[in-house]
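Each chain, letter by letter, is given below.
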Amino acid sequence: MEKVAQRCIVCELERSDGIAICEQFICQKCEQEMVNTDVQDEKYPFFIHQMRRIWLRKDA
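Now for a look at the structure at hand.

The rules behind the values
- Residues numbered from 1 in each chain as written.
- Predicted model: local features only at pLDDT ≥ 70, side-chain atom pairs only at ≥ 80, totals over all residues.
- Heavy atoms only, no water.
- Helix = DSSP H or I, 4+ residues; strand = E, 2+ residues; numbered from the N terminus.
- Buried < 20%, exposed > 50% of the residue type's maximum accessible area, 1.4 Å probe, protein only.
- Contact = heavy atoms within 4.5 Å.
- Areas by Shrake-Rupley, 256 points an atom, 1.4 Å probe, with all protein chains shown as cover.
- Lys, Arg positive; Asp, Glu negative; His and termini not counted.
- Charge placed at Lys NZ, Arg CZ, Asp CG, Glu CD.
- Pairing = 2+ DSSP bridges.
- Salt bridge = Lys/Arg side-chain N within 4 Å of Asp/Glu carboxyl O.

### Let's talk about the overall build of the protein
Scanning the protein from N- to C-terminus turns up 2 helices and 4 strands. Ordering the α and β elements of the protein from the N terminus gives β-β-β-β-α-α. With the C-alpha coordinates of the protein rotated into their principal frame, the extents come out at 40 × 25 × 15 Å. Out of the 60 residues in the protein, the part that is buried amounts to 25%. For the protein, the share of sequence-separated contacts (at least 6 apart) that also reach a separation of at least 24 residues comes to 28%. Carbon and sulfur atoms form 50% of the exposed surface of the protein, whose accessible area is close to 4,800 Å². Here the protein holds 9 positive side-chain charges and 11 negative ones, and the gap between their average locations is 3 Å.

Rendered as structure tokens:
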């Protein structure tokens, strides 16, 4: 089975490996980075902002 590239809601790049949350795609690279990011890390608020987009698109 061939994987189809999808646009990641976090990095906005086309990737084929990742997960879907509420029909929104998160690439494997971003997923791993988010899981391993400490809440004190400067990139944490960016991930929160990008994840909120999932619910904004769902309710739109």
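### Some details on the pairing of strand S4 (residues 24–27)
Residues Gln24 and Ile26 line one face of S4 and the alternating positions Phe25 and Cys27 line the opposite face, and both faces are buried. With 4 bridges connecting them, strand S3 (residues 18–21) and S4 associate as antiparallel partners. Residue isoleucine 21 lies in a different strand from S4, and its bridge partner there is glutamine 24. A loop of 2 residues connects S3 with S4, the two strands running antiparallel in sequence, and cysteine 22 in this loop sits at a positive phi of about 50 degrees.

### Description of the pattern of salt bridges
Side-chain pairing between opposite charges can occur once the charged atoms of the two side chains come close. Evaluated as defined, the whole model comprises 3 salt bridges. Across the pair glutamate 12 and arginine 53 runs a salt bridge whose closest N-O atoms are separated by 3.0 Å. Taken as a pair, glutamate 12 in the loop between strand S1 (6–7) and strand S2 (14–15) and arginine 53 in helix H2 (residues 44–59) lie far apart in primary sequence, 41 residues in all. On the basis of relative accessible area, arginine 53 is assigned to the buried category, the value being 16%. Residue lysine 43 is joined to glutamate 33 by a salt bridge in which the shortest nitrogen-to-oxygen separation is 3.1 Å. Linking lysine 43 in the loop between helix H1 (28–35) and H2 with glutamate 33 in helix H1, this pair joins segments that are 10 residues apart in sequence. On the basis of relative accessibility, which here comes to 33%, the residue lysine 43 falls in the partly exposed class. Classification of glutamate 33 as partly exposed rests on a relative accessible area of 31%.

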